[in-house]
Amino acid sequence: MTGALTAAGWGLFAGVALVIGAAIAWFIPVPAKVVGSVMAFGSGVLISAVAFELFDEAAHTGGLAATVVGFALGAIVYMLANRILDHFGARHRKRSQHQQPSQSQKSGSGLAIALGALLDGIPESLVLGISLLGGGGVSAAVVTAVFISNLPEGLSSAAGMKKAGRSAGYVFGVWGTIAIVSALAAPAGYLLLGSAPAGVIAVITAVAGGAILTMIADTMIPEAFEITHAWTGLITSAGFLLAAAISWLGG
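The structure presented is a predicted model; accordingly, all values stated were derived computationally and were not measured. (Residues numbered from 1 in each chain as written. Predicted model: local features only at pLDDT ≥ 70, side-chain atom pairs only at ≥ 80, totals over all residues. Heavy atoms only, no water.)

(A) Summary view of helix α3 (residues 64–90). When the terminal C-alpha atoms of α3 are compared, their 34 Å separation across 27 residues is substantially less than the 39 Å that a helix rising 1.5 Å per residue should span. For α3, the principal kink sits at Ile-84 and spans about 25°. Residues Thr-67, Gly-70, Phe-71, Gly-74, Tyr-78, Asn-82, Leu-85, Asp-86, Gly-89 and Ala-90 constitute the buried set of α3. (Helix = DSSP H or I, 4+ residues; strand = E, 2+ residues; numbered from the N terminus. Expected span 1.5 Å × (residues − 1). Bend = angle between axes of the 7 residues up to and from the residue. Buried < 20%, exposed > 50% of the residue type's maximum accessible area, 1.4 Å probe, protein only.)

In structure tokens:
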């Protein structure tokens, strides 16, 4: 039970970053360049975590073949789910300008955006719980990556929601709910997989990694590139290097 509570705490910690980002966007007029830069930096951090913490760990534990299959499955499932939500108005849920549709422009888009935010957050939360299964404590690199990436996600998406005419109740209701779900998903991963064979855990870790990388490419990098243009790659690389250094020092 202690491990599950620890996982819940870390899941909530990561989820709260979304609420903090949303609060910044709602109450402070953040320049678009800052939003795009932070989004690019967060993308680099998450890419590093996927490469060094998720894929690498899964490959060493469950073998390369199983990891490749799991990673591809995660990418495909996320892509299909994302396509369905796109149809209902969630395509631009992380955009900070005027790309998000209002409820009057696209009926049902409010629910679709909320479900899209949930889809984006679940793999990250599960990974936090899974990382505790080895008994050595949560991975500092994974926690750092999820927190740093969640901050700009909440900031950018909330800015777009506000410009689309969403209410404060909707915005903070969405991100508050996601934070709670994150706090529940992390211990769920810990409890459900606590007695699972190492190979199964490796495959599920790979599935989460594939979903997260697809999410970065589909929803985070487009927002970053539209705003920061030629600087996107450099800023993303800086985020990657920070997370890679944390992973290396922690290992």
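The discussion continues.
(B) Expanded view of the UniProt feature "transmembrane region" (unreviewed entry) in the protein chain. The positions UniProt marks with the feature "transmembrane region" (unreviewed entry) are residues 7–28, 34–55, 62–81, 126–148, 169–192, 198–217 and 229–249. In residues 169–192, the share of helix is 100% and the share of strand is 0%. The end C-alpha atoms are 33 Å apart. (UniProt positions renumbered as here; feature names shortened; annotations may be inferred.)

(C) Here's a closer look at the packing of helix α1 (residues 2–27) against helix α6 (residues 168–192). One way to put it is that α1 packs onto α6 with a least axis distance of 7 Å and a crossing angle of 160°. By the criterion of interaxial angle, the relationship of α1 to α6 is roughly antiparallel. Of the two possible hands of crossing, α1 and α6 adopt the one that is right-handed. In the contact of α1 with α6, the residues fall into 22 nonpolar, five polar and no charged. (Axes fitted to C-alpha atoms, helices over the stretch in contact; angles between N-to-C directions. Parallel < 35°, antiparallel > 145°, perpendicular 65-115°, else oblique. Left-handed = near helix turned anticlockwise from the far one by under 90°. Nonpolar A, V, L, I, M, F, W, Y, C, P; charged D, E, K, R; others polar.)

(D) Quick look at the packing of aromatic side chains. Tallying each qualifying case throughout the model produces six aromatic pairs. Judged by centre distance (6.2 Å) and plane angle (70°), the rings of Trp-26 and Phe-172 are edge-to-face. Highlighted residues: Trp-26 in helix α1 and Phe-172 in helix α6, separated in sequence by 146 residues. Overall, Phe-172 belongs to the partly exposed group, its relative accessible area being 25%. Ring geometry for Phe-27 against Phe-172: centres 6.1 Å apart, planes inclined by 25°, an arrangement best described as stacked. Of this pair, Phe-27 sits in helix α1 while Phe-172 sits in helix α6, and the two are 145 residues apart along the sequence. The exposed category is assigned to Phe-27, whose relative accessible area is 62%. Ring pairing ties together the aromatic residues Trp-10, Phe-13 and Phe-147, which thus form one cluster. (Phe/Tyr/Trp six-rings, centres within 6.5 Å; stacked < 30°, edge-to-face > 60°.)

(E) Up close: the nonpolar core. Core analysis: the largest hydrophobic core is formed by 32 residues, its most contacted members being Leu-46, Val-127, Leu-128, Ile-212, Met-215, Ile-216 and Met-220. Secondary-structure elements contributing two or more residues to this core are α1, α2 (32–62), α3, α4 (109–130), α5 (140–163), α7 (198–228) and α8 (232–250). When residues no more than four places from it in sequence are discounted, the contact partners of Met-215 are Leu-46, Tyr-78, Lys-94, Asp-120, Glu-124, Glu-153 and Met-220. In terms of nonpolar packing, the next biggest core, distinct from the first, is built from 19 residues, Ala-112, Ile-113, Ala-158 and Met-161 among them. (Core = buried A, V, L, I, M, F, W, Y, C linked by side-chain atoms within 4.5 Å. Contact = heavy atoms within 4.5 Å.)

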